[in-house]
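Results of the structural survey
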Amino acid sequence: LQGTLPVGKTAQFTIHTRDKFENKLQVGGSEFAVRVLTYTPEGLPLPEVRGKVVDEGSGAYKVTYLPEHVGLLTVTVNCKNVDAEGQIEFLAVKGSPFELEVTPDVIMPERCTCTGHGVEGQQVAGEETEFLIHARDRFGNRRTLGGDHMEVNSVGPK
């Protein structure tokens, strides 16, 4: 797991189980816990998402989850293990945790906002003013990359 994911699109990956000699297992029955945490660009944690794990019966497990927020996403994958004394523990799979970047979805005009003098209060005819357009996706996440096409129309008093 690496790279980027768009927010609001179901992500999936497959866990392939192996024995202690690195031989691929051909049967299911293992138990996994998949935890998905997202952190805002400021580093604040957002609500946890649990990955859905489906045992395909072949030693492979399909995992799906839905990233709902933009930011750094950490996926932790643990496998249930019973030691020689019968104690249950969940051990991280090789490479876990995995980090990905969740990016905003496409712009949704209905979710965009404007701020600044040019959209607040009264304006004086013939004087230049300005304002900022805050582009947002359908989840309200700010688009930070730029490059979106915007069209602005000014309508005077009636």
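One structure accompanies this document, and this report is about it. (Residues numbered from 1 in each chain as written. Predicted model: local features only at pLDDT ≥ 70, side-chain atom pairs only at ≥ 80, totals over all residues. Heavy atoms only, no water.)

Within the protein, the secondary structure is distributed over zero helices and eleven strands. When the helices and strands of the protein are listed from N to C terminus, the series reads β-β-β-β-β-β-β-β-β-β-β. Computed over C-alpha atoms, the radius of gyration of the protein comes to 23 Å, more than 25% over the 15 Å expected from 2.2 N^0.38 for 158 residues, which places it beyond the range of a compact globule. On the principal axes, the C-alpha backbone points of the protein span a range of 80 × 25 × 25 Å. Considering only contacts in the protein between residues 6 or more positions apart, those separated by 24 or more positions represent 60%. Only carbon and sulfur atoms are counted for the fraction: they give 51% of the accessible area of the protein, which is about 11100 Å². The average position of the 16 basic charges and that of the 22 acidic charges among the side chains of the protein differ by 6 Å. (Helix = DSSP H or I, 4+ residues; strand = E, 2+ residues; numbered from the N terminus. Rg over C-alpha atoms; globule rule 2.2 N^0.38 Å. Contact = heavy atoms within 4.5 Å. Areas by Shrake-Rupley, 256 points an atom, 1.4 Å probe, with all protein chains shown as cover. Lys, Arg positive; Asp, Glu negative; His and termini not counted. Charge placed at Lys NZ, Arg CZ, Asp CG, Glu CD.)

All right, on to the nonpolar core then. Of all hydrophobic cores here, the largest spans 19 residues; its most connected members are F13, Y65, L73, V75 and V77. Going through the elements one at a time, strand 2 (11-16), strand 3 (32-39), strand 6 (60-65), strand 7 (71-82) and strand 9 (98-103) are the ones with two or more residues in this core. (Core = buried A, V, L, I, M, F, W, Y, C linked by side-chain atoms within 4.5 Å. Buried < 20%, exposed > 50% of the residue type's maximum accessible area, 1.4 Å probe, protein only.)

On to the packing of aromatic side chains, then. For the structure on display, the rule yields two aromatic pairs. Seen from their ring centres, F13 and Y65 are 6.4 Å apart, and the 65° between their planes marks the pair as edge-to-face. In this pair, F13 sits in strand 2 while Y65 sits in strand 6, placing the two residues 52 residues apart along the sequence. Accessibility classification places F13 together with Y65 in one group, the buried group. (Phe/Tyr/Trp six-rings, centres within 6.5 Å; stacked < 30°, edge-to-face > 60°.)

This paragraph deals with the pattern of salt bridges. One pass over the structure, following the stated rule, counts six salt bridges. Notably, a salt bridge pairs R35 with E48, separated by 3.0 Å at the nearest N-O pair. Linking R35 in strand 3 with E48 in the loop between strand 3 and strand 4 (49-50), this pair joins segments that are 13 residues apart in sequence. According to the relative accessible area criterion, R35 is partly exposed, its value standing at 37%. Note that R143 and D148 form a salt bridge whose closest N and O atoms lie 3.0 Å from each other. One salt-bridge network, in which partners are shared between bridges, spans K9, D105 and R138. (Salt bridge = Lys/Arg side-chain N within 4 Å of Asp/Glu carboxyl O.)

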